[in-house]
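Here's the letter readout for the chains.
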Amino acid sequence: MKGSEPDVIVIGGGAAGLMCAIEAGRRGRSVWLIEHANRVGKKILMSGGGRCNFTNLEASPQNYLSANPHFCKSALAGFTQWDFIARVQEHGIAYHEKELGQLFCDESSKQILQMLLDDCAQAGVRITTKTDVLAIRNTGNGFAVETSVGAVTAESVIVASGGLSFPTMGATGFGYELARQFGHEVLPTRAGLVPLTLSGKPMDEIDGLSGIACPVSASANNVSFRSAALFTHRGLSGPAILQISSYWKPGDALHLDLLPDRDATDWLLQYKRRKPAARLAACLAEALPQRLAQRLCELEHWDGVLQDYPDSSLGAIGAMLNQRPFKASGTEGYRTAEVTLGGVSTDGLSSKTMESKRVPGLFFIGEVVDVTGWLGGYNFQWAWSSGFAAGQVC
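Being a predicted model, the structure only gives us computed values, none of them experimental.

The rules behind the values
- Every residue gets a number counted from 1 within its own chain, in the order that chain's sequence is written.
- Given that this is a predicted model, residues contribute local features only at a pLDDT of at least 70 and side-chain atom pairs are listed and counted only at 80 or more, while totals for whole chains, interfaces and linings are drawn from all residues.
- The side-chain quantities take in all heavy atoms of the structure and omit both hydrogens and water.
- Only rings of Phe, Tyr and Trp enter the pairing, Trp through its six-membered ring, and a pair is recorded when the two centres are within 6.5 Å. The plane angle decides the type: under 30 degrees is stacked, over 60 is edge-to-face, the rest tilted.
- Strands are runs of DSSP state E lasting at least 2 residues, helices are runs of H or I lasting at least 4, and numbering of each runs from the N terminus.
- Each residue is placed in one exposure class: buried if its accessible area under a 1.4 Å probe, protein chains only, is under 20% of its type's maximum, exposed if it is over 50%, and partly exposed if it falls in between.
- Two thresholds decide whether a charge sits over a ring: the Lys NZ or Arg CZ must be within 6 Å of the ring centre and within 35 degrees of the ring normal.
- Put simply, a nonpolar core is a bunch of buried Ala, Val, Leu, Ile, Met, Phe, Trp, Tyr and Cys residues held in one set by side-chain atoms that sit within 4.5 Å of each other.
- The contact rule is simple, with two residues in contact once any of their heavy atoms fall within 4.5 Å.
- We call two N or O atoms a polar contact when they sit within 3.5 Å, provided that within protein one can donate a hydrogen and the other can accept it, with sequence-adjacent residues counted only if both atoms are side-chain atoms.

Colleague: Please clarify how the packing of aromatic side chains should be interpreted in this entry.
Modeller: Any two aromatic rings considered together are summarised by their centre-to-centre distance and by the angle between their planes. Taken as a whole, this structure holds 13 aromatic pairs when the rule is applied. Aromatic side chains Phe143 and Phe182 sit 6.2 Å apart centroid to centroid with 85 degrees between the ring planes, which places their arrangement in the edge-to-face category. With Phe143 in strand β9 (residues 143-147) and Phe182 in the loop between α6 (174-181) and β12 (186-192), this pair connects stretches of sequence that are 39 residues apart. In this structure Phe143 comes out as buried when scored by relative accessible area, which is 1%. When the centroid spacing of 5.6 Å and the interplanar angle of 10 degrees are considered together, the rings of Phe380 and Trp384 count as stacked. Of this pair, Phe380 and Trp384 both sit in helix α13 (residues 378-391), four residues apart, which is roughly one turn of the helix. As far as the burial class goes, Phe380 and Trp384 line up, both buried. Cluster of aromatic residues (ring-pair linked, three or more members): Phe54, Phe84, Tyr95, Phe380 and Trp384. A cation sits over an aromatic face here: Lys98 above Phe104, 5.3 Å from the ring centre.

Colleague: For this particular structure, what's the right way to read the nonpolar core?
Modeller: Ile44, Ile112 and Trp384 are the most contacted members of the largest nonpolar core, which has 76 residues in total. When sequence neighbours within four positions are dropped, the list of residues in contact with Ile44 reads Ala15, Leu18, Cys52, Ser109, Ile112, Leu113, Leu116, Phe380 and Trp384. Counting residues in each nonpolar core, the second largest holds 44 residues, with Leu209, Cys283, Leu292 and Trp302 among its members.

Colleague: I'm lost on helix α9 (residues 264-274) in this one. Help?
Modeller: Residues spaced three or four apart along an α-helix face the same direction, because each turn holds 3.6 residues. Inspection of α9 places Ala264, Trp267, Leu268, Leu269, Tyr271 and Lys272 among the buried residues, and these make up the whole buried set. Along its buried surface, α9 packs onto α10 (280-285) and α12 (311-322). Backbone nitrogen of Thr265 and a side-chain oxygen of the N-cap are separated by 3.0 Å at the start of α9; the cap is Asp263.

Listed below in structure tokens is the structure:
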């Protein structure tokens, strides 16, 4: 740091905070990054099964949820997935595309964190962990910030404190409280990219299916995602379920297409013509996991041979297979949610810089803002993009 007082204080040592600190430091600003946990980048380390799904080749504004779907456009255009990929390549980190544009480190997520820490060091960023921000006051020409290791003043404060997901990793509502303190609206928050829970009869219906995974298309509120679903002892999980969970709310209808790659009615009718004496259960077991096929036949009383079913009946069965209702009761909550939906309203922020329209010098970036990406590296890209945007001007 150039002196006893920093120019910029970044609150939060996650992806967005680290990116912002790097960019501000590269501009010659003296930056102090404050993290209340015992280390920075915890979500980075755990993401992607320890290999960090650091961005997505397909990242675009259409992959984000927000009360203002246009807000994210400027930041995403200002620092794209290709820009971050270039940095990964510059640091010699090997990576691969897993599926659907998702990029992972070949070796370890530690490489992404170390890249960011190396860039912070090179930019002269001071990082302090196990440090709490106790109070922030607007002085009119900057901010007086009281921390657990002393009081300082700074020209700019960047709030990169994240959302409420993974409270065991130290997630808190601090950023939302700070936003409200300075007059910003905070939209209702809820768990996103999270397993769904079932209870009562719907849970009884999938009893014994825990551990079974199969390709599905999950639909709710006119949105669908084609990927895998996993039956659990609490309900439904897997990529397709995590994706649709961000669009589903308690009371909403949820449907799974259990045969997403085929017209189930047409398939059943053709099967009937080829093997009229085959049992329906045996037919379904060729396209579905056997335990799931058996369970469906038990629930729906599908116990005959195909020639016993009129074409119209097979049509009804096919329609159900392509749109099987599941009545979810809720989600597993922030405990297992990958992201937090909602947050600081974008109405009070500049889409180009992430700066508060109400309080000059105050910025909100990353997950604390009401911008939430799909599963698959999109939320990391929002962190890089929003952090970069703020880092250019703070």
